[in-house]
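# Observations on chain architecture
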Amino acid sequence: MLFEFVYIKKYGRNFDEMKKLDFDVVLFDLDGTLTDSVDGIINAVKYACEKIGVRQPDKEELIEFIGPPMTESFASHFGLTGQKLDEAIKQYHIYYAERGWKENKVFDGIDSALKCLKDKGKTLGLCTNKSEIYAKEIMDFFGLSKYMDFVGGSSYEENRTVKWQVIDYVIKNLNVSDLKKAVMVGDRHYDVEGANAVGIKTIGVTFGYGTRDELEKAGAMTVVDTPKEICELF
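Residues numbered from 1 in each chain as written. Predicted model: local features only at pLDDT ≥ 70, side-chain atom pairs only at ≥ 80, totals over all residues. Heavy atoms only, no water.

### Notes on the overall build of the chain
The helix and strand tally for the chain stands at 12 helices and 8 strands. For 234 residues, the compact-globule estimate of 2.2 N^0.38 gives 17 Å, and the chain sits close to it at 18 Å. Expressed as a percentage of the 234 residues in the chain, the buried residues total 52%. The long-range fraction of contacts in the chain, counting pairs at least 24 apart against all pairs at least 6 apart in sequence, stands at 65%. Total accessible area on the chain stands at roughly 11,200 Å², and carbon and sulfur atoms take up 50% of it. Charge centroids of the chain, computed over 31 positive and 39 negative side chains, lie 3 Å from each other. (Helix = DSSP H or I, 4+ residues; strand = E, 2+ residues; numbered from the N terminus. Rg over C-alpha atoms; globule rule 2.2 N^0.38 Å. Buried < 20%, exposed > 50% of the residue type's maximum accessible area, 1.4 Å probe, protein only. Contact = heavy atoms within 4.5 Å. Areas by Shrake-Rupley, 256 points an atom, 1.4 Å probe, with all protein chains shown as cover. Lys, Arg positive; Asp, Glu negative; His and termini not counted. Charge placed at Lys NZ, Arg CZ, Asp CG, Glu CD.)

### Digging into the confidence of the model for the chain
For the chain, per-residue confidence averages 90 on the pLDDT scale, and residues scoring 70 or more make up 91% of the total. Long-range and interchain partners of residues 1–9, a stretch whose pLDDT sits below 50, account for 9 contacts in this model, where long-range means more than four residues apart. Across residues 14–18, confidence stays below pLDDT 50; counting only partners more than four residues off in sequence or on other chains, it has 10 contacts. (pLDDT = per-residue confidence, 0-100.)

### Some remarks on the sheet that holds strand β4 (residues 123–131)
Backbone-to-backbone hydrogen bonds join strands into a sheet, with any given pair of strands oriented parallel or antiparallel. Across the sheet, which stays open at both edges, the 6 strands sit in the order β5-β4-β1-β6-β7-β8 with parallel pairing between neighbours. Two strands lie at the open edges of the sheet, namely β5 (150–154) and β8 (222–224), each paired on one side alone. The mean inter-strand angle of the sheet, taken between neighbouring strand axes irrespective of direction, is 25 degrees. Looking at chain direction, strand β7 (residues 201–205) and β8 are connected through 3 bridges and run parallel. Of the residues in β8, the one forming a bridge with Val205 is Val224. Of the strands in this sheet, β6 (182–186) and β7 touch helix α10 (residues 189–198), which is tilted by about 170 degrees from β7. (Pairing = 2+ DSSP bridges. Axes fitted to C-alpha atoms, helices over the stretch in contact; angles between N-to-C directions.)

### Describing the environment of Phe74
Considering the arrangement of structural elements, one finds Phe74 in helix α5 (residues 70–78). The exposure class assigned to Phe74 is buried, which follows from its relative accessible area of 0%. If we skip the residues at most four places from it in the chain, Phe74 touches Val45, Ala48, Cys49, Phe65, Gly79, Leu80, Leu85, Ala88, Ile89 and Tyr92.

### Focus on the packing of helix α3 (residues 38–52) against helix α6 (residues 82–98)
The contact between α3 and α6 brings their axes to 8 Å, and the two run at 135 degrees. Accordingly, the angle class assigned to the pair α3 and α6 is oblique. Every pair of crossing elements has a handedness; the one defined by α3 and α6 is right-handed. Contacts between α3 and α6 pair Gly40, Ile41, Asn43, Ala44, Val45, Tyr47, Ala48, Lys51 and Ile52 from the former with Lys84, Glu87, Ala88, Gln91, Tyr92, Ile94, Tyr95 and Tyr96 from the latter. Taken together, the residues of the contact of α3 with α6 break down into 11 nonpolar, 3 polar and 3 charged. (Parallel < 35°, antiparallel > 145°, perpendicular 65-115°, else oblique. Left-handed = near helix turned anticlockwise from the far one by under 90°. Nonpolar A, V, L, I, M, F, W, Y, C, P; charged D, E, K, R; others polar.)

### Quick word on the state of the cysteines
This structure, assessed with the given rule, holds 1 disulfide. The side chain of Cys116 participates in a disulfide bridge whose partner is Cys231; the two sulfur atoms lie 1.8 Å from each other. Measuring handedness by torsion sign, the sulfur bridge of Cys116 and Cys231 sits at about -75 degrees and is left-handed. Highlighted residues: Cys116 in helix α7 (residues 110–119) and Cys231 in helix α12 (residues 227–232), separated in sequence by 115 residues. (Disulfide = S-S within 2.5 Å.)

### Points about the pattern of salt bridges
Per the counting criterion, the structure on display carries 16 salt bridges. When the shortest N-O distance is used, the salt bridge between Lys118 and Asp149 registers 2.8 Å. Of this pair, Lys118 sits in helix α7 while Asp149 sits in the loop between α8 (132–141) and β5, placing them 31 residues apart in sequence. Close ionic contact of Asp191 with Lys163 constitutes a salt bridge, the shortest N to O distance being 2.4 Å. Of this pair, Asp191 sits in helix α10 while Lys163 sits in helix α9 (residues 163–173), and the two are 28 residues apart along the sequence. Residue classification places Asp191 among the buried positions, given a relative accessible area of 2%. A relative accessible area of 5% means that Lys163 is categorised as buried. One connected set of salt bridges, linked through shared partners, spans Glu132, Lys136, Glu158 and Arg160. (Salt bridge = Lys/Arg side-chain N within 4 Å of Asp/Glu carboxyl O.)

Structure (structure tokens):
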């Protein structure tokens, strides 16, 4: 009873409900969930802005580029369309492909949390709006690929550009037949909304770029503050 009281107080959810949710498949966002990638993304955005001759966004505005698709961010923040938008994305990828993807670090405790989940027999997948090519490079570079049963990212060629499409793509590649057995882990409302669109629940994390308030308002099932707490939910 004491554990139950502490659990409810900490996570703000009904303990009995959580106990009934037996997830076999755990899907993870990348930026802000597994890795702190802010420097590489911000530097690539600033590089692209300089190359195409648009204003440099301020620090607060730059943070908004982390999460949604880059086409959406460049369009909404600068009003870019057509060839100008294509050029911005091209320049962003020039920087990111050369240096940006390495300007990254794994959050403390992530490696242990992923190992913990695998030890419990969970199937793990990566769902990121980042290009799948970069996602695989990053996961390999930081030694996280070994925990993943499938790594999925965005692809303009395959018309997979928004979060729900990536989540759906990963779920299908993992052969998930019962959506009640899958859960998404992410740090922004985009992760929650994408999971909602597909029909799965979300665990929010506050050690990334989003806030508890943002995640709860979007409809996250529960929100945790450390990687260790992710594994403790299962």
